[in-house]
Protein chains: 4
Amino acid sequence: MPKRAIPAQEKRGRPRSRRTETAILRAANELITSGGLADLTMEGVAERAGVGKASIYRRWPSKGALAFDAVVGGILATQPTPDTGSFEGDLRQTARSWVRSANSPRGGRTVAGLIAEVQSDPDLAKVWRERFVSRIRQERRPIIERAIARGEIPVGSDPEMILDLLYGPLYHRYLNGHLALSDSFAKELAHMVAAAAANGAVVRGREVLRSRAVR
Amino acid sequence: MPKRAIPAQEKRGRPRSRRTETAILRAANELITSGGLADLTMEGVAERAGVGKASIYRRWPSKGALAFDAVVGGILATQPTPDTGSFEGDLRQTARSWVRSANSPRGGRTVAGLIAEVQSDPDLAKVWRERFVSRIRQERRPIIERAIARGEIPVGSDPEMILDLLYGPLYHRYLNGHLALSDSFAKELAHMVAAAAANGAVVRGREVLRSRAVR
Amino acid sequence: MPKRAIPAQEKRGRPRSRRTETAILRAANELITSGGLADLTMEGVAERAGVGKASIYRRWPSKGALAFDAVVGGILATQPTPDTGSFEGDLRQTARSWVRSANSPRGGRTVAGLIAEVQSDPDLAKVWRERFVSRIRQERRPIIERAIARGEIPVGSDPEMILDLLYGPLYHRYLNGHLALSDSFAKELAHMVAAAAANGAVVRGREVLRSRAVR
Amino acid sequence: MPKRAIPAQEKRGRPRSRRTETAILRAANELITSGGLADLTMEGVAERAGVGKASIYRRWPSKGALAFDAVVGGILATQPTPDTGSFEGDLRQTARSWVRSANSPRGGRTVAGLIAEVQSDPDLAKVWRERFVSRIRQERRPIIERAIARGEIPVGSDPEMILDLLYGPLYHRYLNGHLALSDSFAKELAHMVAAAAANGAVVRGREVLRSRAVR
DNA sequence: TGTTAAACGAGACGGTACGTCACGTCTTCCG
DNA sequence: CGGAAGACGTGACGTACCGTCTCGTTTAACA
């Protein structure tokens with residue numbers, strides 16, 4: 001977890017330099033987009049940033065945490081929540097822009113590298129969940145809420161399930177590469193998810209689908 | 001890619017010892033289930049197997065390839081394709097047994113480690129796709145075919161899409177950990193996928209959903 | 001060399017704090033006697049003294065210089081020049097008390113550490129010579145002068161040579177550890193040095209032995 | 001302690017390469033003679049020798065141990081035991097050649113650096129005593145034995161004391177630098193030691209002076 | 001008595017070297 | 001001649017201190 005997540009400057013003494021931090025983040029970002037997260041080394045970042053290794057470790061406990069901060073802001077910025085006027089349109093738009101960024105030659109595999117990193121670093125996993133996955137999901141909730149308000153899907157539809165139904169298949173193809181992450185896949189996926197949401201919940205009547213957060 | 005995939009023993013001289021191979025695979029398996037794939041080292045395997053490092057590299061080109069062979073057979077064996085008599089029942093059964101093995105304390109995270117490894121090793125990625133992902137998907141196709149035969153879902157339903165709709169959300173929660181991989185999630189997911197398959201394709205008439213394999 | 005050797009307070013502003021200086025010296029002393037000079041670090045001293053590193057560097061240019069000031073005063077104080085009434089008695093007394101302090105479990109190796117430090121720090125070497133070695137030698141000269149006055153050794157005996165003959169073997173065993181620094185060694189050494197001083201110069205007649213200081 | 005002191009090749013597998021060892025020793029030697037022992041770094045040696053750091057650590061546990069092996073052979077070779085026909089002549093010759101090598105601009109301070117290193121490394125100290133100090137002393141014993149045989153000094157004279165009387169003052173000036181290590185000092189020192197040996201023991205009659213080795 | 005400049009504690013900074021680890025390759029000798 | 005043993009060069013790791021520097025905060029002497 002990046003230490004800057006703890007903003008309190010309790011101690012006296014020389015404060016952390018913003019210049020140093022920016023230099024590190026920029027260097028890390030450049031190395032990641034040019035060579036992938038596997039080519040990122042703390043020594044490489046230190047050298048390119050003109051910074052001592054200790055200055056990196058003072059801020060980030062691991063390569064993954066640094067990569068996260070170097071990269072996630074940019075990713076989040078390029079993925080706004082669409083509002084097309086229809087549920088399926090919103091889903092389609094969301095999937096399409098996700099597919100596009102996953103296919104981008106520069107940085108398209110960055111998220112894959114981060115997810116890989118997350119699998120062996122519990123601390124990073126927590127940050128990943130809270131500051132990336134959950135955050136995007138939170139941002140996307142209005143899509144479901146508006147769909148309910150419009151009467152496109154039943155009241156009580158489980159937003160978590162709907163989001164998993166949308167993002168799950170996208171990430172699945174992204175990480176396993178068994179099938180193309182094409183634009184048409186995005187379109188058809190959106191259609192299927194819309195159908196599931198519209199009809200899936202009805203079968204169970206008024207009952208609300210529930211999923212509980214874990215950990 | 002494990003070289004034993006090339007079974008031909010062209011050369012003369014002493015053939016590769018099966019005992020050596022088994023010892024390596026067993027050692028690798030033990031290390032993976034006890035400490036996770038991140039703790040697996042070639043040196044550790046060599047020592048535990050009582051084997052020279054060269055004997056490992058003679059057979060497997062990378063840690064990931066070895067781990068794959070050490071682990072995938074067992075995983076495949078524990079995930080038979082169910083035949084419950086109904087589409088949703090088959091999906092539910094599939095999801096449930098997947099969830100169960102993902103939650104197993106020993107080895108539950110092994111697949112996560114392999115997927116992580118795959119992200120930075122194109123050769124391994126190919127093996128992973130062909131010998132794990134695609135293989136399981138192939139094995140699961142009868143579920144869809146039987147559902148079509150029973151008339152539960154339209155003729156022309158895209159099996160790839162249906163499988164992605166099922167496995168995608170499972171892997172999504174498994175790798176990101178944002179929500180619990182519970183039994184009830186498996187049940188509800190199966191329900192939603194069934195609803196999508198039953199209604200999604202219908203909306204678009206007779207048109208067949210298509211997805212093309214990539215790479 | 002401690003900058004406090006230059007007492008002039010030309011500047012305005014807050015003067016150097018005596019409390020700070022004492023805290024540093026005490027901390028250094030404690031660390032040296034507890035762990036040897038090799039374990040002494042500027043950061044350790046700063047922390048233990050509750051002092052900024054800059055406050056140390058403001059006063060002492062190097063670890064060795066600080067150690068010197070932290071330690072030498074105490075050493076000099078415990079080694080008075082004896083006056084037993086005979087030349088050999090004085091030598092014996094000198095050697096014995098030297099041996100005793102070299103064998104003391106706390107601090108017995110401190111001088112060894114300082115001599116080690118001195119070998120790679122010319123500035124410290126100068127301080128060491130002028131404020132420790134030469135000072136002790138100066139203090140011990142009365143032993144030789146009284147011996148001449150008593151007629152125990154020839155007029156014109158070289159005090160430098162005699163002191164080297166006494167201290168040389170002591171330090172030699174102390175630093176190399178090839179033989180015990182025992183009390184009986186001190187006694188026998190004193191006897192040999194007395195014999196040398198009484199007879200060595202005589203052989204060469206009235207000629208005065210000379211040695212010149214260097215550097 | 002250099003591991004090559006244990007010559008037994010018990011294990012199988014690739015044996016230590018002599019080429020690597022020589023390269024390391026040569027690199028170390030060059031760095032020491034060009035910059036002093038304080039400038040010697042393991043990384044520097046590795047780079048200059050074209051060798052991995054691990055290959056150094058595999059053989060020598062510390063910088064001091066490496067320096068010892070890189071340097072001591074050459075030193076021992078340049079200091080033969082003289083045989084001039086007289087006790088004082090032998091002592092003088094010994095002291096003179098010692099002085100000369102201590103004053104040599106290249107490598108003259110190397111022994112000082114090693115003695116410094118020895119003060120904070122007990123393992124190295126043992127090697128130093130056994131393979132340098134004691135060894136030279138052993139080689140010099142014939143000087144005393146021949147002097148006894150010639151009747152220049154009493155039977156039962158303590159060779160350890162005589163050697164300390166000779167080497168002690170030399171090392172004392174060498175390490176402390178309080179007075180010049182001149183040729184004339186060597187001469188006068190030899191004279192004093194001869195006088196002490198001739199007269200010192202006599203005073204105490206037949207009694208044999210004794211010193212016991214320690215540790 | 002208020003101003004002011006240096007000393008203060010704290011600790012961040014760019015560095016260097018440390019000693020360790022695992023990599024993938026290469027070499028030796030045993031069976 | 002296959003295979004265990006393990007040495008090899010490589011390169012990154014994370015740590016420890018170095019000596020310098022920048023913060024705000026005292027604090028004593030000057031004005």
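Right above here is the structure, for reference.
What comes next is a walk through the structure. Everything quoted here is computed from the prediction, not taken from an experiment.

### Some points on the protein's contact with DNA strand E
Neighbouring residues of DNA strand E: 45 residues in total, closest Arg59 of chain A, Tyr57 of chain B, Arg58 and Arg59 of chain C together with Tyr57 of chain D. Counting only atoms of DNA strand E within 4 Å of the protein, the fraction found in sugar and phosphate groups is 69%. Here a base nitrogen of DNA strand E and a side-chain polar atom of Arg14 of chain A are 3.0 Å apart. Within the side chain of Ser55 of chain C, a nitrogen or oxygen atom sits 3.0 Å from a phosphate oxygen of DNA strand E. Broken down by secondary-structure element, the contributors of at least two residues to the surface near DNA strand E are helix H3 (53-57) of chain A, helix H2 (42-49) and helix H3 (53-57) of chain B, helix H3 (53-57) of chain C together with helix H2 (42-49) and helix H3 (53-57) of chain D. By residue number, the principal contributor to the surface near DNA strand E is H3 of chain B, which donates three residues. Classifying every residue of the surface near DNA strand E gives 11 nonpolar, 15 polar and 19 charged.

### With respect to the relation of the copies chain A and chain B
With an RMSD of 0.1 Å, chain A superimposes on chain B once it is rotated by 180 degrees and translated 0.0 Å along the axis. Interpreted geometrically, this transformation is the action of a two-fold axis. When the interface residues of chain A are mapped onto chain B, 98% of them again lie at the interface, so the same face is used by both copies.

### Let's talk about the layout of surface pockets
Reported here for the second largest pocket is a volume of approximately 970 Å³. Lining the second largest pocket are 48 residues, with Ala116, Glu117, Gln119 and Ser120 of chain A together with Ala116 of chain B sitting closest to its centre. Counting residues per element, the ones that place at least two in the lining of the second largest pocket are helix H1 (18-35), helix H6 (110-118) and helix H7 (122-150) of chain A together with helix H1 (18-35), helix H6 (110-118) and helix H8 (159-176) of chain B. If you tally residues by element for the lining of the second largest pocket, the top one is H6 of chain A, at six residues. Residue classes in the lining of the second largest pocket are distributed as 17 nonpolar, 20 polar and 11 charged.

### Things to note about the nonpolar core
By size, the foremost hydrophobic cluster in this structure holds 133 residues, and its most contacted members are Phe87, Trp128 and Phe132 of chain C together with Phe87, Trp128 and Phe132 of chain D. Counting 132 residues, the second-largest nonpolar core is a separate cluster that includes Ile24 and Leu166 of chain A together with Ala186 and Met192 of chain B.

### Looking at the packing of aromatic side chains
Applying the stated criterion across every chain, the model contains 24 aromatic pairs over all chains. Plain terms: the ring middles of Tyr171 of chain D and Tyr174 of chain D are 6.4 Å apart, the flat faces sit at 75 degrees to each other, and that makes the pair edge-to-face. Of the two residues, Tyr171 of chain D and Tyr174 of chain D both sit in helix H8 (residues 159-176), three residues apart, roughly one turn of that helix. Take Tyr171 of chain D: its relative accessible area is 9%, and that puts it in the buried class. For Tyr174 of chain D, a relative accessible area of 4% gives the class buried. Through a chain of ring-to-ring contacts, three or more aromatic side chains come together here, namely Trp98, Tyr167, Tyr171 and Tyr174 of chain A. One Lys or Arg, Arg109 of chain C, reaches over the ring of Tyr174 of chain C and ends 4.4 Å from the middle of that ring. In this arrangement the basic side chain of Arg173 of chain D is found over the ring face of Phe185 of chain D, its NZ or CZ atom lying 3.6 Å from the centre.

### Some words on H8 of chain D
All names here are of chain D. Compared with the 26 Å implied by 1.5 Å per residue over 18 residues, the 25 Å span of H8 between its first and last C-alpha is a close match. Where H8 bends most, at Tyr167, the angle is about 25 degrees, and the proline Pro169 comes one to four residues later. The buried fraction of H8 amounts to 18 of the 18 residues, a majority that puts the element mostly inside the structure. Sitting at the amino-terminal end of H8 is Asp158, which places a side-chain oxygen 3.1 Å from the backbone nitrogen of Glu160. Gly177 occupies a position one or two residues after H8 and carries a positive phi of about 65 degrees.

### A closer look at the pattern of salt bridges
The final tally for this structure, using the stated rule, is 74 salt bridges over all chains. Measuring nitrogen to oxygen at the nearest pair gives 3.7 Å for the salt bridge that ties Arg92 of chain B to Glu88 of chain B. Of this pair, Arg92 of chain B and Glu88 of chain B both sit in helix H5 (residues 87-103), four residues apart, which is roughly one turn of that helix. Note that Asp83 of chain C is salt-bridged to Arg150 of chain C, the shortest N-O span being 4.0 Å. Highlighted residues: Asp83 of chain C in the loop between helix H4 (63-77) and helix H5 (87-103) and Arg150 of chain C in helix H7 (residues 122-150), separated in sequence by 67 residues. Judged by its relative accessible area of 32%, Arg150 of chain C falls in the partly exposed class. Here the salt bridges do not stand alone but share partners, grouping Asp83, Asp90, Arg146, Arg150 and Glu152 of chain A into one network.

### Focus on the interface of chain A and chain B
With 49 residues of chain A in contact, the opposing surface of chain B contributes 49 residues. A buried area of about 4,400 Å², summed over both sides, lies between chain A and chain B, and 64% of it is on carbon and sulfur atoms. Across the chain A-chain B interface, the total number found is two salt bridges. Measuring nitrogen to oxygen at the nearest pair gives 2.5 Å for the salt bridge that ties Asp164 of chain B to Arg173 of chain A. For the pair chain A and chain B, the number of links is 12 residue pairs in polar contact (both at pLDDT 80 or more). Of all the secondary structure elements, the ones that give two or more residues to the side of chain A that touches chain B are H6, H7, helix H8 (159-176) and helix H9 (183-203) of chain A. Considering every element that reaches the side of chain A that touches chain B, the biggest residue donor is H9 of chain A, with 14 residues. Classifying every residue of the side of chain A that touches chain B by side-chain character gives 27 nonpolar, 11 polar and 11 charged.

### As for the interface of chain C and chain D
At the interface, 49 residues of chain C touch 49 residues of chain D. With both sides pooled, the region where chain C packs onto chain D buries about 4,400 Å², and carbon together with sulfur makes up 65% of that total. Between the two partners, chain C and chain D, sit two salt bridges. Take the side of chain C that touches chain D: its biggest share by element is 14 residues, from helix H9 (residues 183-203) of chain C.

### Side note on the environment of Lys53 of chain C
Tracing the backbone through its elements, the reader meets Lys53 of chain C in helix H3. Once the C-alpha coordinates of Lys53 of chain C and Ile24 of chain C are considered, the two residues, 29 residues apart in sequence, prove to be 9.9 Å apart.

### As for the relation of the copies chain C and chain D
Here chain C sits on chain D after a turn of 179 degrees about the axis and a move of 0.0 Å along it, with an RMSD of 0.2 Å. Interface residue correspondence from chain C to chain D reaches 100%, placing this contact among same-surface, isologous pairings.

About the cut-offs
- Starting afresh in each chain, residues are numbered from 1 along the sequence in its written order.
- Here the convention is simple: chains get letters from A, ligands get numbers from 1, in the order in which they are written.
- Confidence filtering applies because this is a predicted model: local features only for residues at pLDDT of at least 70, side-chain atom pairs given and counted only at 80 or more, and all residues used for totals across whole chains, interfaces and linings.
- As a rule here, side-chain values come from all non-hydrogen atoms in the structure, and water together with hydrogens is ignored.
- Near residues are defined by distance, with any heavy atom within 4 Å of the molecule or strand qualifying the residue.
- Counting of polar contacts relies on pairs of N or O atoms within 3.5 Å, with two restrictions inside protein: one atom must be capable of donating a hydrogen and the other of accepting it, and residues adjacent in sequence are counted only when both atoms are side-chain atoms.
- Here a strand is any run of E in DSSP of at least two residues, a helix any run of H or I of at least four, and the numbering for each starts at the N terminus.
- All amino acids are sorted into three groups, where Ala, Val, Leu, Ile, Met, Phe, Trp, Tyr, Cys and Pro are nonpolar, Asp, Glu, Lys and Arg are charged, and the leftover types, Gly among them, are polar.
- Least squares is used to superpose the copies, and the fit set is the C-alpha atoms of residues whose pLDDT is at least 70 in both copies.
- Contacts are assigned to residue pairs with any non-hydrogen atoms lying within 4.5 Å of each other.
- Method remark: on a 1 Å grid restricted to protein atoms, a set of points is classed as a cavity if a 1.4 Å probe fits but cannot get out and as a pocket if it is open with protein on both sides within 12 Å along at least five of seven lines; lining residues have an atom within 4 Å of a point.
- Grid points are joined across faces, edges and corners, and a volume is the space filled by probe spheres set on the points.
- Definition used in this section: a nonpolar core is a set of buried Ala, Val, Leu, Ile, Met, Phe, Trp, Tyr and Cys residues joined via side-chain atoms within 4.5 Å.
- The rule is simple: take the accessible area with a 1.4 Å probe, protein chains only, and divide by the maximum for that residue type; under 20% is buried, over 50% is exposed, in between is partly exposed.
- Stacked, edge-to-face and tilted are the three classes for Phe, Tyr and Trp ring pairs, Trp counted by its six-membered ring, which pair at centre distances within 6.5 Å; planes under 30 degrees apart are stacked, over 60 edge-to-face, the rest tilted.
- Whether a charge sits over a ring depends on NZ of Lys or CZ of Arg being within 6 Å of the ring centre and within 35 degrees of the ring normal.
- Expected helix span is taken as 1.5 Å per residue step, with the number of steps being one fewer than the number of residues.
- To get the bend at a given residue, fit one axis to the seven residues ending there, fit another to the seven starting there, and take the angle between those axes.
- Put simply, a salt bridge is a Lys or Arg side-chain nitrogen that is within 4 Å of an Asp or Glu carboxyl oxygen.
- Buried area is understood as the total, over both parts, of accessible area removed when two parts are fitted together, assessed with a 1.4 Å probe.

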